[in-house]
Amino acid sequence: MQVAERKLPHLLTALPGPKAKQIVKRDQKVVSPSYTRDYPLVAKSGRGAMVEDVDGNTFLDFAAGIAVVATGHCHPEVVAAIQKQAAELIHMSCTDFYYPGTVELAEKLASVAPGKGAKRVYFGNSGTEAIEAAMKLARYHTKRDIFIAFHGCFHGRTLGALSLTASKAVQRKHFGPLLGGVFHAPYPNTYRGAFGTRPEHAAADSLAYIENELFKRVADPEEVAAIFVEPIQGEGGYVAAPAEFLQGLERLCRKHGILLVADEVQSGMGRTGKWWAVNHAGIEPDILCTAKGIASGMPLCAMIAKADVMDWKPGAHASTFGGNPVSIAAALATIGVLERNAIANAARIGDFIFRQTAGWRERHKIVGDVRGKGLMIGIEFVRDQMTKERAPELRDRVLKSAFRKGLLVLGAGENSLRLAPPLVIDEEQADFAVRTLDACISEAERSL
Ligand SMILES: Cc1ncc(COP(=O)(O)O)c(C=O)c1O
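Residues numbered from 1 in each chain as written. Predicted model: local features only at pLDDT ≥ 70, side-chain atom pairs only at ≥ 80, totals over all residues. Heavy atoms only, no water.

Considerations on the environment of F59
As for its position among the elements, F59 is in strand β3 (residues 58-61). In this structure, the C-alpha to C-alpha distance between F59 and G406, residues 347 residues apart in sequence, is 4.6 Å. (Helix = DSSP H or I, 4+ residues; strand = E, 2+ residues; numbered from the N terminus.)

A few points about the site of the ligand
Neighbouring the ligand are S126, G127, T128, F154, H155, G156, E230, E235, D263, V265, Q266 and K292. Between an oxygen atom of the ligand and a main-chain N or O atom of T128, the distance comes to 2.8 Å. At 3.3 Å from a nitrogen atom of the ligand is found a main-chain nitrogen or oxygen belonging to F154. Protein coverage of the free-state accessible area of the ligand, which is 390 Å², stands at 83%. Placement of the ligand is best described as lying within the largest pocket. Per-class residue counts for the shell around the ligand are two nonpolar, six polar and four charged. (Near = heavy atom within 4 Å. Polar contact = N/O pair within 3.5 Å; in protein donor to acceptor, adjacent residues only side chain to side chain. Areas by Shrake-Rupley, 256 points an atom, 1.4 Å probe, with all protein chains shown as cover. 1 Å grid on protein atoms, 1.4 Å probe; cavity = no way out; pocket = protein on both sides within 12 Å on 5 of 7 lines; lining within 4 Å. Sits in = over half its atoms within 2 Å of the grid points. Nonpolar A, V, L, I, M, F, W, Y, C, P; charged D, E, K, R; others polar.)

Here's the deal with the layout of surface pockets
In this structure, the largest pocket spans a volume of roughly 1700 Å³. T36, I66, R157, E235 and R418 are the residues nearest the centre of the largest pocket, which is lined by 48 residues in total. Elements supplying a minimum of two residues to the lining of the largest pocket: α2 (64-67), α5 (127-142), α11 (392-404) and β17 (410-412). Tallied by class, the residues present in the lining of the largest pocket amount to 21 nonpolar, 15 polar and twelve charged. (Points joined across faces, edges and corners; volume = space filled by probe spheres on them.)

The following block contains the structure:
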């Protein structure tokens, strides 16, 4: 049976299989050692939520290439759009010339971006490029230079975006000095609290820190260009900011003429069951950055800004490859699938998974929290539910044993696991994933 015909995992060899072992061995000699591979999956082909490795083993993919293949692997409409476009025109550079597809995609993104006002769209190739573009635009537009971001947030790895990133020290170590004028505030984590206590006050504590500490002591709000926030932290552990926090942040920004930038690189494009995670809070950021899910795996990002904010002049910013026709065609096909049923499906299957996992904290003493929205679901592992002592080793154990059972999941943050499947999965696949993880968690518990 081909990968295209399977809906659930099918393992033929011990993992990794013999061919996978060979590739891993060669990879270890020539490929950058900076990549973090949690387990040895050597992917060969994929269809929908299924991935086949080089040894013919089939996996159910709840990682989706880090929340990227929104429509599943090689969705036929996306493949057809890529093939058609590749045969017509691969590159001219939208920096210097015009493409019909760029306009169509910009019009579409502008129409679904939060808020009613006019928008303009800048295209690049990756999440970090969207953030760099937003940082530059924010400085350009406001003529201010300070940025505020949040602990635990991940905005990318190029030097500007890395200056905002405060997720893991290893991501910043030895790369300094980073950009000056970047200050971090605690993220409103409703499981742990902004400062590791008072979870129920997380939103208020975090907002108060910005107003009473940052603004009064180190960063006069008149010099702050933008506040960058992930409405749901991705790499930081799939932690959702409460709606009242995002609404408070919007008020704070308006009060001081600061731009609010929503980093929806991971949470956007329908993953949370709405177009954007900020839609759940009803706020309207001045700039919204998105990437990952936008083109089902083709490199593309968009920085969408209010039209009066995107006031930079020709030559101020551009990218040779950004918005290339093949990626744009893939994005237009992706959006067709998202609008037809995948966004609604993300909401529906997300609810199903939350119902299935509702009793996990009671049944599993190592599960501290299950949270998220739509198909952006985080599971946090602890040694003790009372003290909330983090248990990264138990998370790793669950992750690896899921792989051995044919389920692909990724870690997030220090001790959480993320479920980020393609938005087109069905109930049977969601049920399989939940039952598999349930078994893996029980196994990890028995090891204690
Ligand atoms: C929220 C967020 N912003 C930015 C980035 C950077 O995106 P990329 O890896 O495409 O540069 C990521 C990547 O994980 C992300 O999750």
